[in-house]
Amino acid sequence: MIFDEYITQTKRYEKYMPVSKAPSTITKEQAAEDLTELAYLINNRYCGKEYWEKQGIDFDLCYREISDFISACDEIYISDFCRKIHLSFNKGIVDNHFSFASPLTGRLVFSKQYSAYFADFVVEKEEDVFKVIKSDDDTVKIGSVVSGENCFYKTLSPKNRKYFLVGCRSFDNVKSIQLNIDNKPRDISVHRCRAIEKHEQFDVCMQLKTQDSVNIYRSNCCDYVNGLNEKTDFIALGEKHRNDKILVLDYLSNQGGYNRITREFIKGLNDYVHCEEHCAKLLSPVTENKDCYREWIIEKSQPYNTESGKFNGTLIMLINGDTASSGETAVLYARSLKHLILIGENSMGCNTFGNVASYSLKNSKIIARIPNVINLCGDPDDCAEGKGFTPDYWVDSTDVQNEVLMWIKENFDL
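Please read these numbers as outputs of a predicted model, since none were measured by experiment.

1. Some details on a nonpolar patch on the surface
Together, M1, I2, F3, Y6 and I7 give the surface a local cluster of nonpolar side chains, amounting to about 680 Å² of exposed area. As for its placement among the helices and strands, Y6 is situated in the segment before β1 (25–27). Classification of Y6 by relative accessible area gives exposed; the value is 69%.

Below is the structure:
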């Protein structure tokens, strides 16, 4: 029979077990009730609300748009309701932690990244002239002179030379930019910075290898994986490297986890560790689960005192557009050191709004993930949401670690 590979003979089960089927629709009255609950949650939990209102986003108007959608429907599909909620707020909010989700839509986010796009050539700066020294673009020859506005990005170079990538940064996908090549305006093709490429399909945390006399710790997360556990002595781990001249922390695509892992490693390495990050926490009946005032609790941070640290070597930290959340807090801990170099591309910018909690709306069961803590660097522009930390050296390669190792060989006496 055609179904032989798919089915078995009739079986008798012992007894019926009641199960609950996820609803696909709700009534207008149920949707209106969920909207009231959602507005209450956002007004009393979302730490970004006041900031985005000052940027011109009218939350009351968003609620009215959703209400009008409900009024126009006889019966409401939960997936459509979730999409409408997201669409109504998606008017410029950049928050990599804020989101809505339903079974059919999956997670709908407000993630945006101010990514780097580069041309397929490298230029060298000699006095005030930028000349092409390497080119994989058939339309741009070695020796050509390049000029343009805000298009040069410092990259790895030999001693006493200054190399730059050529490109732009944008929240939108960019295919080409206009440059002057040998004093002639040209549209030049660009691509997303290649440092974004992932290399593992599994979690790695504080995995050590030594190559060319350089110790390298690989972490694509800050979780207790691969033999690590909550009792692991990260301070002792850091202490082992106090005499290293160069130490590499490869945090490419590190999407976070526990702050403790990096903090204690830097503590062991340097004796001194600090995170210059000012915090504002929103308290309300939602966060406290009781009647209380809606108020902000503010904790200001002290500036770094790097001279009190004991590590005199150089820490090189590799970052890219998927380095986020606690992966970005790791950069703040690393700033406790006297000598820190960031290499790769800008991090995600997923640290301004944090401490996320998930809430299920009563009838639709739509999940609202809402942060209630604002984190700001000493200079808030250092890690703006969606823009992240800017590297000291940009690398347009799928193998950032190898590019850095070659650069260390050329520039450091080990």
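Read on, since the account is not over.
2. Here's the deal with the pairing of strand β13 (residues 207–211)
Direction of pairing for β13 relative to strand β14 (residues 214–218): antiparallel, over a ladder of five bridges. Opposite L208, over in β14, you have Y217 as the bridge partner. Turn length for the β13-β14 hairpin, with the two strands adjacent in sequence and antiparallel, is two residues, and the turn residue D212 shows positive phi of about 55°.

3. Thoughts on the side chain of T314
Within the secondary structure layout, T314 lies in strand β18 (residues 314–319). A residue is classified by how much of its surface remains accessible, and T314, at 12% relative accessible area, is buried. Contact partners of T314, with chain neighbours within four places excluded, come to K245, I246, L247, H339, I341 and F412.

4. As for the pattern of salt bridges
Under the defined criterion, the tally for this structure stands at 17 salt bridges. Note that R192 is salt-bridged to E345, the shortest N-O span being 2.7 Å. Here R192 is found in strand β12 (residues 191–192), whereas its partner E345 is found in the loop between β19 (340–344) and β20 (353–360), with 153 residues between them in sequence. Residue class for E345 comes out buried when judged on its relative accessible area of 0%. A salt bridge links R335 to D382, with the nearest nitrogen and oxygen atoms 3.0 Å apart. One end of the pair, R335, is in the loop between α8 (326–334) and β19; the other, D382, is in the loop between β21 (367–377) and β22 (393–394), with 47 residues separating them in the sequence. On the basis of relative accessibility, which here comes to 26%, the residue R335 falls in the partly exposed class. Residue classification places D382 among the partly exposed positions, given a relative accessible area of 25%. One continuous salt-bridge network, built from bridges that share partners, spans D120, R194 and D396.

5. Regarding helix α3 (residues 59–71)
For α3, with 13 residues, the first-to-last C-alpha span of 19 Å sits near the 18 Å given by 1.5 Å per residue. Among the residues of α3, F59, C62, Y63, I66, F69 and I70 are the ones counted as buried. The arc that holds every buried residue of α3, seen down its axis, measures 115°, which confines them to one face. Across α3 from its buried face, at more than 90 degrees, point the exposed residues D68 and S71. Packed against the buried residues of α3 are α1 (28–45), α2 (49–54), β2 (75–77) and α4 (78–89). Its side-chain oxygen placed 3.0 Å from the backbone nitrogen of D60, D58 serves as the N-cap of α3.

6. A closer look at the environment of E276
Here E276 lies in the loop between α6 (259–270) and β16 (277–283). In sequence terms E276 and L332 are 56 residues apart; their C-alpha atoms lie 6.7 Å from each other. If we ignore the near neighbours within four places in the chain, the residues touching E276 are S301, Q302, P303, Y304, L332, L376, C377 and G378.

7. Focus on α8
Burial analysis of α8 places nine of its nine residues in the buried class, which makes it a mostly covered element. Three or more residues of α8 are buried, namely S326, G327, E328, T329, A330, V331, L332, Y333 and A334. The inward-facing, buried residues of α8 abut α6, β16, β18, β19 and β21.

8. Thoughts on the state of the cysteines
Applying the stated criterion across every chain yields a total of zero disulfides. C205 supplies the cysteine sulfur nearest to C222, a cysteine that is in no disulfide, at a spacing of 5.8 Å. Using a relative accessible area of 0% as the deciding quantity, one classes C222 as buried. A disulfide-free cysteine, C279 has its sulfur positioned 7.4 Å from the sulfur of C275, the nearest such atom.

9. Some details on unusual backbone geometry
Even without glycine at this site, N150 takes up a positive phi of about 50°. Inspection of the secondary structure puts N150 in the loop between β7 (145–147) and β8 (152–155). Residue classification places N150 among the exposed positions, given a relative accessible area of 72%. In this structure, S253 takes a positive phi of about 60° despite not being glycine. Here S253 lies in the loop between β15 (246–250) and α6.

10. Points about the packing of α6 against α8
At a minimum axis separation of 9 Å, α6 and α8 run at an interaxial angle of 20°. As the angle between them shows, α6 and α8 are arranged roughly parallel. In terms of crossing hand, the pair formed by α6 and α8 is right-handed. Within the contact between the two elements, α6 uses N259, T262, R263 and I266 and α8 uses S326, T329, A330, Y333 and A334. Taken together, the residues of the contact of α6 with α8 break down into four nonpolar, four polar and one charged.

Calculation criteria
- Residues numbered from 1 in each chain as written.
- Predicted model: local features only at pLDDT ≥ 70, side-chain atom pairs only at ≥ 80, totals over all residues.
- Heavy atoms only, no water.
- Patch = residues over 30% accessible without salt bridge, like charges linked within 9 Å, V, L, I, M, F, W, Y side chains within 5 Å.
- Areas by Shrake-Rupley, 256 points an atom, 1.4 Å probe, with all protein chains shown as cover.
- Salt bridge = Lys/Arg side-chain N within 4 Å of Asp/Glu carboxyl O.
- Helix = DSSP H or I, 4+ residues; strand = E, 2+ residues; numbered from the N terminus.
- Buried < 20%, exposed > 50% of the residue type's maximum accessible area, 1.4 Å probe, protein only.
- Pairing = 2+ DSSP bridges.
- Contact = heavy atoms within 4.5 Å.
- Expected span 1.5 Å × (residues − 1).
- Arc of directions from axis to C-beta.
- Polar contact = N/O pair within 3.5 Å; in protein donor to acceptor, adjacent residues only side chain to side chain.
- Disulfide = S-S within 2.5 Å.
- Axes fitted to C-alpha atoms, helices over the stretch in contact; angles between N-to-C directions.
- Parallel < 35°, antiparallel > 145°, perpendicular 65-115°, else oblique.
- Left-handed = near helix turned anticlockwise from the far one by under 90°.
- Nonpolar A, V, L, I, M, F, W, Y, C, P; charged D, E, K, R; others polar.

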